[in-house]
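Single-letter residue listing:
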Amino acid sequence: PRLWLAAPFGALAAVLLVRAGTGDLDSGIGPLLLVPILAVSGFGSRRALVAMMAAVLAVTVVVGLYVADDEVLKSVWRDDFILLVVGGVLAFAIQDLVGRIRREQALADARSRSIAALSEMTRNMATSTDGAHILCSLIAENTGAVGVAILELDEKKGWRPIAGLGTGPNGRPVAEPGSDSSPWRELKRGTRWRTVSADPDFADFASNWASPEIESIVWQPIVDQDRVAGALAIAWEEAGPDPGRAPLPLDALASEALVAVQQVRLNEQLKTQARTDPLTGIDNRRAWEAEVRRSLARARRSGGPLSIALIDLDDFKAFNDSHGHPEGDRLLRDTVEAWKYLLRTEDHLARYGGDEFMLTLPDTDIERAGMATERLRAAVPRGQTCSAGVACLEPGDSLEQLVKRADEALYREKSRRIPEKREKTVPE
């Protein structure tokens with residue numbers, strides 16, 4: 001690759017041979033000495049340019065000493081020296097200009113590669129159901145990092161990792177966040193934070209990454225409309241690039257990570273909406289079925305009792321007709337709020353449909369389940385009442401059989417209680 005230097009040196013030799021052949025150093029071809037200098041200024045390094053200028057000066061002086069007398073030599077040296085000075089200034093200017101153009105071109109190429117890489121990340125995230133993990137893999141691939149993690153900042157729960165690559169067995173790429181410690185304090189302010197192996201507390205941050213050779217970690221805040229929504233953590237096994245000169249701009253990567261955070265939040269919202277009754281805020285029938293099947297599996301393994309109760313508000317249609325549907329909705333919400341305070345942590349209440357609720361009571365036999373439903377009946381607000389059908393798990397029961405027995409028990413309870421209730425309300 002360096003043989004191209006033979007061309008300007010060859011040009012210099014040719015000029016000197018022509019001069020020597022004419023027998024006259026003042027032959028008018030002196031400006032040709034600029035050819036090798038300008039050639040090196042455009043393609044060579046600063047060291048090569050200085051070497052070429054020194055070679056031109058040395059060779060012309062040596063040749064002049066052999067072929068010229070003193071008077072001619074003085075004129076030739078003066079002209080060549082002026083020519084060399086002018087050519088050197090011009091060559092240095094050209095080299096600076098060429099260097100600047102090359103740097104700008106390299107920067108433009110790097111930006112083009114960054115834009116292409118970011119576009120590829122966006123496409124891959126858009127077509128993936130797990131964009132956060134895809135983004136972590138692409139960041140590691142394009143930055144040479146051995147660990148990447150995306151963390152979300154929840155106002156109530158604090159920091160939590162939503163995706164990670166190269167994290168430790170505990171799944172967390174960083175230590176527990178403290179409210180007054182770095183990097184959490186800085187990240188909440190929207191400030192990038194970096195730590196290297198020479199820092200005294202570096203081991204606390206590096207211990208939760210999979211690689212034992214971590215040398216530097218950078219946390220880049222993820223900002224959503226002037227609010228910090230999370231952080232992007234990147235770890236390298238060497239000192240790592242200057243955050244301002246990273247292969248991909250950290251600000252741009254944080255923007256991509258924001259999309260991943262929003263995607264995770266949206267998925268969680270959709271899952272919550274699919275499992276939650278929008279009126280009362282408790283689980284719906286689908287979520288109850290998933291939960292009760294887990295309770296059934298635990299009861300079968302442990303051999304402990306499991307009861308369910310199907311609860312129905314009495315004469316709810318009549319209440320709606322007389323008070324209006326908004327008041328009926330309020331009665332359902334108030335009833336659920338009143339019942340929540342009477343249930344254990346392990347109990348599970350769900351809206352089964354309309355004015356029906358399903359209650360799962362782990363480790364509860366039929367007698368205690370009946371006592372629990374009595375407490376709920378007494379807590380129904382606005383002077384209203386409810387009926388409950390209770391069933392306890394028996395050997396060989398399927399979920400459908402258990403629900404069927406609870407439904408039959410509810411029917412019997414309503415057949416018994418509703419006439420009694422009406423008789424009490426009839427005036428003498």
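A quick note: this is a predicted structure, and the numbers were derived from the prediction, not measured. (Residues numbered from 1 in each chain as written. Predicted model: local features only at pLDDT ≥ 70, side-chain atom pairs only at ≥ 80, totals over all residues. Heavy atoms only, no water.)

Participant: Looking at this structure, I do not really get the pairing of strand 5 (residues 227-236). What am I missing?
Facilitator: Both faces of the sheet carry side chains from a regular strand, because those side chains alternate between them. Counting buried residues in strand 5 gives nine out of ten residues, a clear majority hidden from the surface. Sheet topology places strand 1 (residues 147-154) next to strand 5; six bridges connect them, and they run antiparallel. For Ala149, the partnering residue across the bridge sits in strand 5 and is Ala233. When strand 4 (residues 216-224) meets strand 5, the two strands line up antiparallel, connected through nine bridges. Bridge assignment links Trp219 to a residue of strand 5, and that residue is Ala233. In textbook terms, the turn of a hairpin is the stretch between consecutive antiparallel strands, and for strand 4 and strand 5 this stretch comprises two residues, one of which, Gln225, has a positive phi near 55°. (Buried < 20%, exposed > 50% of the residue type's maximum accessible area, 1.4 Å probe, protein only. Helix = DSSP H or I, 4+ residues; strand = E, 2+ residues; numbered from the N terminus. Pairing = 2+ DSSP bridges.)

Participant: What should I look at first to understand a nonpolar patch on the surface in this one?
Facilitator: Taken together, the side chains of Phe81, Ile82, Val85, Val86 and Val89 define a hydrophobic patch exposed on the protein surface, amounting to about 460 Å² of accessible area. Turning to its location among the elements, Ile82 is positioned in helix 4 (residues 70-126). Relative accessible area serves as the criterion here: at 47%, Ile82 is assigned to the partly exposed category. (Patch = residues over 30% accessible without salt bridge, like charges linked within 9 Å, V, L, I, M, F, W, Y side chains within 5 Å. Areas by Shrake-Rupley, 256 points an atom, 1.4 Å probe, with all protein chains shown as cover. Salt bridge = Lys/Arg side-chain N within 4 Å of Asp/Glu carboxyl O.)

Participant: Hey, could you run me through the sheet that holds strand 7 (residues 348-353) in this one?
Facilitator: Strands belonging to one sheet form pairs held by backbone hydrogen bonds; the direction of such a pair is parallel or antiparallel. One open sheet accounts for four strands, arranged 7-8-6-9; its pairing is antiparallel. Because the sheet does not close on itself, it has two edges, and the strands there are strand 7 and strand 9 (386-392). When the angles between neighbouring strand axes are averaged without regard to direction, this sheet yields 20°. (Axes fitted to C-alpha atoms, helices over the stretch in contact; angles between N-to-C directions.)

Participant: Looking at this structure, I do not really get unusual backbone geometry. What am I missing?
Facilitator: Excluding glycine, a negative phi dihedral is what most residues carry, and trans is how most peptide bonds are arranged. Residues other than glycine seldom take positive phi values, yet Asp363 does so here, at roughly 55°. Along the chain, the position of Asp363 falls in the loop between strand 8 (356-362) and helix 12 (366-378). Accessibility expressed as a relative area gives 48% for Asp363, which makes it partly exposed. One non-glycine residue, Arg382, lies in positive phi territory at about 60°. With respect to the secondary-structure elements, Arg382 resides in the loop between helix 12 and strand 9.

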